[in-house]
Amino acid sequence: MVKAYINGIGCISPQNTIDDNWFFESITPPAGDYFNALEPSYKDYIAPNLLRRMGRAIKMGVASANLAIKQAEIESVDAIVTGTGLGCFEDSERFLLALLNNDEQFLTPTSFIQSTHNTVGSQIALIMKCHNYNFTYVHRGFSFESCLQDAMMLFNEGKENILIGGIEEHTPNFVELNRRANKFQIVPTNTPFWESTTKGIQMGEGSTFFALSKNPNNKSLACIEGVQTLYKPKTSNDILSKLNTFLSLHNLTLNDIDVTLMGFSSDSEFDNKLQEIKPIIEKESSIAYFKHLSGEFHTASSFALWLATKLIEKQALPKSITITGNSNGSIKHVLILNQYLGINYSFTLVSKI
Amino acid sequence: MSERIYITGIGMISAIGNNVQESFLSLSQLKTGIGKINHLTTRYKDDFLAGEVKLSNTDLMDLVKDNSPDLNRNSYLAMLAAKEAVINSGIDTKDGLRTGVISSTTVAGMGKTELYYKELFEKNDHLNVLDTHDCGDSTERIADFIGNVDYVTTISTACSSAANAIMLGCRMIKNGLLDRAIVGGVDALSKFTLNGFNTLMILDKEWCKPFDENRKGLNLGEGGAYLVIEGETALNKRNGKPLAEIIGYANANDAYHQTASSPEGYGATLAIKQALDMSNLNPSEIDYINMHGTGTPNNDLSESIASKTIFGEKVPKFSSTKAFTGHTLAAAASIEAVISVLTLQNQLLFPNLNFTTPIKETGLIPETQLLHVPINTVLSNSFGFGGNCSSLIFKKI
Amino acid sequence: MDALIEKLKGQIIEQLNLAEVKPEEINPDSPLFGEGLGLDSIDALELIVLLEKHYGIKIEDPKDGKTIFQSLRTMAEYIKANGKG
């Protein structure tokens, strides 16, 4: 079966992940109501004549793509595949508000152009002069998983190098509206995130890109063995049985999984099925969580894939993400078991090479 | 990987009809759906023409028989067209085969968000638009409307979106991930898109004139169109009847400009060439091209040049059907895929309306009359912002 | 004319988000597009809106921008000849 080797990562998140050496030495709490990404000085990554038009999502996307490519030491790719739930929301909102405030007059094209969901992917293509396959997935909690799935298919079809990434940005207005709709909460630091009994997610954002190859090379950090999405499973047993089938495709059982990264979002309703599964998984594998560091967003699984790769690279499971177990020194297989809004579930299997 | 892919069902709603049959009638009678704006609330109601679906939201709600406040125009159009395609194909999603819904949209729930956005900060009445604003919403509505769907995803690559949804469906079947898929795209008209295209100054205030020397721009349209595609194995299992075969597809990027096409149509040339290579056809074996042909000065010239690069002086018979439907953005490629299937089934070439004078630089002349001619293969192009270029090739059964 | 040119410099820098450019760096006679400021077709559309918003001038055909936006001076001259504000 085709695998995807990870040779470079660029991760801009609410933590200091842009520094490739950072590994949970210091953890940044949310600055305000939500986890905003810690953004670098973009001048180091993007030419000023391009930068002047870009919204935050585009800047985060282009900069993190740049980092991934540099780390993988590649010049070109056979495909650029991006995922985003809301796209360039800042630009969409800017155009929408201008339209509403000025009664459809004196509107300028820049924010409209940038509001298109495939802007990040196409900007990267423009900068890299890449005429190859270019796709953008925009399906909620499957946006990034669809990228991964596509990459695996492209490898199966003969492609060699692929750049994929998940991007999400929020605006203060969007956060405010979510507050009004009672969709989010701030989780107090001393309460267990994974045992939430209250409604509301902790919102986050970020952009993570991966330079993938079909074959391993001396840059390879880990490999993705498979990914599967699961739409609206009825019960937690449905998820477990699909998970077992998924693992068996790779000749593995839950017992072979050293760490399971579970997508608890702090919303009791959405997390419900994962809470039911947790006791079964913890008998077989260490369990860790990540949305207390990244926040919840459509492409949070791209942050999880960064994390899975780091755990394999460092062979360590930091306390600050551990729920149960201890896998230090023996991390061969990491499973990302994510959920979004209790509707979109996914499995991603990442392994040591 | 060698699994053949068949289209077994089609569904469509747009300015030229609420279903495939009505659309076929309009096409055959050379009746455009583009006219004065009736349903969209905008200060430009009398300034621009548009290809609106001729039903109000209440009419659409009655047709889907669901009065949930969470549904919006985008979802209605998607649900109706997808359901029509499923019924047309005769598939039963409960039969244990793996069914996917792969949809595409650019505007998503914006048409409703723009109505309430400002009041959301003061009143709680319409906060549910937050749940239906994103692109994934209409896809999941289709999945739930049809039922027993194993896989969902959504693509947004501007005006080429649905071509990419069709392509992805084919690839997922060939890669053994699905047995069949409901593929296509939807976009309801919104103030957001109308104003957006207006800022780009590429809207024609009169009927659009694709491939005409005096073309001024495009007319926006709205609609949804879906195809049921099945792998040969799945089709044989249920003794289904194919309507057409998909024998080629390709996606390439122009990487020239954020919105404009390169003068030489480099990305378009790549997409057409790669789709031809995949189909094992010589350029001379293409019988008809359903062009992207938006009617903007830039697109039509660039697409004409790309066509000449590929086909030389023997450019096949071609037309843009956007003068019937308007440019329906994410739905355009699937609407044109349905039209391509109708062309192959009925051996009827639907003309390019409003054309009089060839473009000076290329001299290409589209078909301007309804033609009853043998057509075995159709090439359909779709290009979008961000340099996204996609081509599909359909073959008669 | 010079006052108008100075005013335009500020408006262009703001509208096009040219944070790196200082007003004194823009030569009123240098080309705005291609070389010089290096603007492109999207900027041309932005400038058309600038003319409408600040000077009440409506340009219907984007092709007209080519002659009007050759340089700051041609732009100022056009405003002088056609503008209301």
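So, how was this worked out
- All residue numbers refer to positions counted from 1 along the written sequence of the respective chain.
- Each chain is given a letter, starting from A, and each ligand a number, starting from 1, according to the order in which they appear as written.
- Since the coordinates come from a predicted model, pLDDT governs what is reported: local features require at least 70, and pairs of side-chain atoms require 80 or more to be given and counted, while whole-chain, interface and lining totals use all residues.
- In computing side-chain values, all of the structure's heavy atoms are included and hydrogens and water are not.
- Starting at the N terminus, helices and strands are each numbered in turn, a helix being any DSSP run of H or I of at least four residues and a strand any DSSP run of E of at least two.
- In this setup the radius of gyration rests on C-alpha atoms only. A globule is expected at 2.2 Å times the number of residues raised to 0.38.
- Only protein chains enter the accessibility calculation, which uses a 1.4 Å probe; a residue whose area is less than 20% of its type maximum is buried, one above 50% is exposed, and one in between is partly exposed.
- Two residues form a contact once any of their heavy atoms are found within 4.5 Å.
- Accessible surface is estimated by sampling points in the Shrake-Rupley manner with a 1.4 Å probe; for residues, cover comes only from the protein chains shown.
- Positive: Lys, Arg. Negative: Asp, Glu. His and the chain ends are not part of the count.
- Just so you know, the charge point we use is NZ for Lys, CZ for Arg, CG for Asp and CD for Glu.
- Orientation is described by axes fitted as lines to C-alpha atoms, over the contacting stretch for helices, and by angles from 0 to 180 degrees between their N-to-C directions.
- Angles are sorted into four bins: roughly parallel if under 35 degrees, roughly antiparallel if over 145, roughly perpendicular if 65 to 115, and oblique for all others.
- Here is the rule for handedness: rotate from the far helix to the near one, and if that takes an anticlockwise turn smaller than a right angle the crossing is left-handed, while a clockwise turn gives right-handed.
- Classification used: nonpolar for Ala, Val, Leu, Ile, Met, Phe, Trp, Tyr, Cys and Pro, charged for Asp, Glu, Lys and Arg, polar for all others including Gly.
- The criterion for strand pairing is that DSSP finds at least two bridges linking the strands in question.
- For this analysis, a polar contact is any N or O atom pair within 3.5 Å, provided that within protein one partner can donate a hydrogen and the other can accept it, and provided that sequence-adjacent residues contribute only side-chain to side-chain pairs.
- For this analysis, a salt bridge means a side-chain nitrogen from Lys or Arg found within 4 Å of a carboxyl oxygen belonging to Asp or Glu.

## Digging into the overall build of chain B
Helix and strand counts for chain B stand at 13 helices and 15 strands. Here the C-alpha radius of gyration of chain B, 20 Å, is about what a compact globule of 397 residues would show, namely 21 Å. Each principal axis of the C-alpha distribution contributes one length, and for chain B these read about 60 × 55 × 40 Å. Evaluated residue by residue, chain B yields a buried proportion of 68% over its 397 residues. A separation of at least 24 residues holds for 78% of the contacts in chain B among residues at least 6 apart in sequence. Within the structure as shown, chain B displays about 12800 Å² of accessible surface, and the carbon and sulfur contribution to it stands at 49%. Across chain B, 34 positive and 43 negative side-chain charges occur, with their mean positions spaced 3 Å apart.

## Describing the packing of helix α2 (residues 57-64) of chain B against helix α3 (residues 73-89) of chain B
Residues and elements named next belong to chain B. Two elements in contact, α2 and α3, have axes whose closest approach is 10 Å; the angle formed by their N-to-C orientations is 40°. By the angle between their directions, the pair α2 and α3 is classed as oblique. Where α2 crosses over α3, the two elements pack in a sense that is left-handed. Contact with α2, carried on its side by N57, L60, M61, L63 and V64, involves R73, Y76, L77, M79 and L80 of α3 and no other residues of that element. Residue composition of the contact of α2 with α3, grouped by class: 8 nonpolar, 1 polar and 1 charged.

## Here's the deal with the pairing of strand β10 (residues 333-340) of chain A
Residues and elements named next belong to chain A. Within β10, 8 of the 8 residues are buried, leaving the element largely enclosed by the surrounding structure. Of the two faces of β10, the one lined by H333, L335, L337 and Q339 and the one lined by V334, I336, N338 and Y340 are each fully buried. Here β10 folds back onto strand β11 (residues 344-351), and the loop between the two strands holds 3 residues, one of which, L341, carries a positive phi near 55°.

## Quick look at the environment of H327 of chain B
Residues and elements named next belong to chain B. Counting through the fold element by element, H327 comes out in the loop between α12 (322-325) and α13 (332-346). H327 gets classed as buried once you look at its relative accessible area, which sits at 2%. For the pair H327 and M291, spaced 36 residues apart in sequence, the C-alpha separation works out to 12 Å. Among all residues touching H327, those that are not within four sequence positions of it are C159, L218, N219, L220, G221, H292, T294, K322 and A332. Engagement of the side chain of H327 in a polar contact is seen with the backbone nitrogen of L329, the distance being 3.2 Å.

## Things to note about the pattern of salt bridges
Taken as a whole and assessed by the stated rule, the structure comprises 39 salt bridges over all chains. The shortest N-O distance in the salt bridge between R140 of chain A and D134 of chain B comes to 2.7 Å. Remark: D134 of chain B occurs in the loop between α5 (129-132) and α6 (136-146) and R140 of chain A occurs in the loop between β3 (133-137) and α6 (143-156); the pair is interchain, linking two chains. In terms of burial, R140 of chain A and D134 of chain B fall into one category: buried. Note that E296 of chain A and K291 of chain A form a salt bridge whose closest N and O atoms lie 3.0 Å from each other.

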